[in-house]
Amino acid sequence: AIVANYSAVFTQGGYGKALVNSLIVSVPTIAVVVLVGAAAAWAFGRSRKVSMQTVFYAIALSMLVPPTLIPTIYLLREIQLDGTILGYVLVMIGTRMGVLVFLATGFVRNMPVDLEAAAEIDGANRLQVFFQIILPLLSPVLFVGGIFILVTVWGDFFFAQFLIPGTATQTLPLSLYSFASSSAQTLRWNFVFAHVTMTGLPLLIAFVLAQRKVIGGLSEGAVKG
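Residues numbered from 1 in each chain as written. Predicted model: local features only at pLDDT ≥ 70, side-chain atom pairs only at ≥ 80, totals over all residues. Heavy atoms only, no water.

Colleague: Tell me what's going on with the layout of surface pockets, and back it up with residues and numbers.
Modeller: Taken as a whole, the largest pocket holds about 280 Å³ of empty space. In terms of lining residues, the largest pocket is bounded by 14 residues, among which Ser62, Val65, Pro66, Pro67 and Thr95 are the most central. Here the lining of the largest pocket takes six residues from helix 5 (residues 85-109), the largest share from any one element. Each residue belonging to the lining of the largest pocket can be placed in one class, and the counts come to nine nonpolar, four polar and one charged. (1 Å grid on protein atoms, 1.4 Å probe; cavity = no way out; pocket = protein on both sides within 12 Å on 5 of 7 lines; lining within 4 Å. Points joined across faces, edges and corners; volume = space filled by probe spheres on them. Helix = DSSP H or I, 4+ residues; strand = E, 2+ residues; numbered from the N terminus. Nonpolar A, V, L, I, M, F, W, Y, C, P; charged D, E, K, R; others polar.)

Listed below in C-alpha cells is the structure:
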C-alpha cells in the first residue's frame, strides 16, 4: 500500500515534472542571489557614502515590506515574461536578495581590509580580490543564507500560484495543491501525505548533507556578531 501511494504521486500527481521545475527555479535563484548579493554586500560594507548606505537600508527594508503582486504581474506582462519560469525566477531573485545582502554586509564590515590591500599590492584586480578573497571569507554566511533562500523558494506557493499557473510550469507546492484539490469530494489523504513527504524530501536531503556547514556558518556568525 505504501508503494502504491508513492507510485500514485509520480503517475497522478505529476511529481517528476514538478520536481524538475522546482530545481530549475531554485538553483539559478540561489546562484544569482549568492553571487550578486555577495558583491553588493562587499560594496555596502566597504563604502561610507551616505547614498550607498541609503540604498543598503532600502534593500534591507525589503525584507519587511511585502512585494506587491499586481504591479509585478503587470511588469512581467509588459516584458512578455508573464506565466514563464524565467519571470518567476526573476521575482524570486528580487524578493530574496535583501536577506542575503543584509546578512553578508554585517560580515563584510567585520572583515579586516588588510587582505584586500595586500592582494591589490601584489597586482590583483578588484575581480580577483572578490573571487579569491571575499567569496571564500564570506562562504559561511553565504552558505547559511543560501540554505534559507532554498527553503523559502522551494516552498513558495503565493507567487507561484499567480505567476506560473500553467500545468507544465508548476512547481512542487502547486503540484501538491492541484493533486489534493483535483479530487476534493473523495480526498485520499494517504496520497496527499505521500506527496507532502516527497515534496519535503529534497530539502531534508540537502540539510543532512550540509548540516556541518550550516552549523559552522551559524557558529562563526555568532562569534563575529
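Structure's up, so let's keep going.
Colleague: So what about the packing of aromatic side chains? Which residues, and what values?
Modeller: Given two aromatic rings, their pairing is described by the distance between the two centres and the angle made by the two planes. The tally for this structure, following the rule as stated, stands at nine aromatic pairs. Geometrically, the ring pair formed by phenylalanine 44 and phenylalanine 56 is tilted, given 5.8 Å between the ring centres and 55 degrees between the ring planes. One end of the pair, phenylalanine 44, is in helix 2 (residues 15-46); the other, phenylalanine 56, is in helix 3 (residues 50-61), with twelve residues separating them in the sequence. For the pair shown, phenylalanine 44 and phenylalanine 56 are each scored as buried. (Phe/Tyr/Trp six-rings, centres within 6.5 Å; stacked < 30°, edge-to-face > 60°. Buried < 20%, exposed > 50% of the residue type's maximum accessible area, 1.4 Å probe, protein only.)

Colleague: Lay out the confidence of the model for the protein in plain terms, naming residues and giving numbers.
Modeller: Considering every residue of the protein, the mean pLDDT works out to 85; 91% of them sit at 70 or more. Across the protein, element-level confidence peaks in helix 2 with a mean pLDDT of 94 and bottoms out in helix 11 (residues 211-224) with 55. Contacts for the low-pLDDT stretch residues 221-225, under 50 throughout, to residues beyond four places or in other chains number five contacts. (pLDDT = per-residue confidence, 0-100. Contact = heavy atoms within 4.5 Å.)

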